[in-house]
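# Structural characterization, general
So you can see what is in the structure, the chains are spelled out below.
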Amino acid sequence: LYVRVGISPVSTEGAKQNLESESSWREFNTIRTVAKKIWNAALGKIEVLGGRPEQQKIFYTALYHCFVVPNTFSDVDGSYRGRDGKVHTGQDHVQYTVFSLWDTFRALHPLESLIDSARTLDFIQTFLNQYKEGGLLPVWELAANETECMIGYHAIPVILDAVRNGITGFDQE
């Protein structure tokens, strides 16, 4: 039994386009092979040379968990549903969701800024879009909604750390 599922934060048509773009031409084994290559590239950003095999397995499992969220929140055409509830289009970056910044600003985001500056830049562009659309940088954002369930304003240290690591391409003001 093979099941293909398309999702979109924008529309049913967006879900159909995402599904068509991402998997319509592939068989299951091809999709599995491509997914394995993508995960190996992500996990290969850090190479562990020492330790026992069990320790390496623990490390790479933890690194895998680093890439599980935030999640892509834009369709293949760049459209996404914003914090204002409106559909926005024409993005030149991936829009993300699920920013548990209270939990991640100390370790996950500094690691991301070192090993994946492009993804970090997309995160920051997402933060700035959310600010434009809702008047607030994300605190604990979920599906373009601010949950307001944590204290602090932890998007700021994420942005500052990125700047200190030389990540540019966004409006720093």
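Residues numbered from 1 in each chain as written. Predicted model: local features only at pLDDT ≥ 70, side-chain atom pairs only at ≥ 80, totals over all residues. Heavy atoms only, no water.

Counted under the stated rule, the structure contains 3 salt bridges. Residues K45 and D116 are paired through a salt bridge, measuring 2.6 Å at the closest nitrogen-oxygen approach. Pair noted here: K45 is in the loop between α2 (28–43) and α3 (53–66) and D116 is in the loop between α5 (108–115) and α6 (117–134), with a separation of 71 residues, a long-range link. The exposure class of D116 is buried, given its relative accessible area of 15%. Of the charged contacts, one joins E146 and R83 as a salt bridge, the two residues approaching to 3.3 Å between their closest N and O atoms. With E146 in strand β7 (residues 145–146) and R83 in the loop between β2 (80–81) and β3 (87–88), the pair connects residues that are 63 residues apart, well separated along the chain. Its relative accessible area of 15% is what places E146 among the buried residues. (Salt bridge = Lys/Arg side-chain N within 4 Å of Asp/Glu carboxyl O. Helix = DSSP H or I, 4+ residues; strand = E, 2+ residues; numbered from the N terminus. Buried < 20%, exposed > 50% of the residue type's maximum accessible area, 1.4 Å probe, protein only.)

Function cannot be read off these values alone, since they describe shape.
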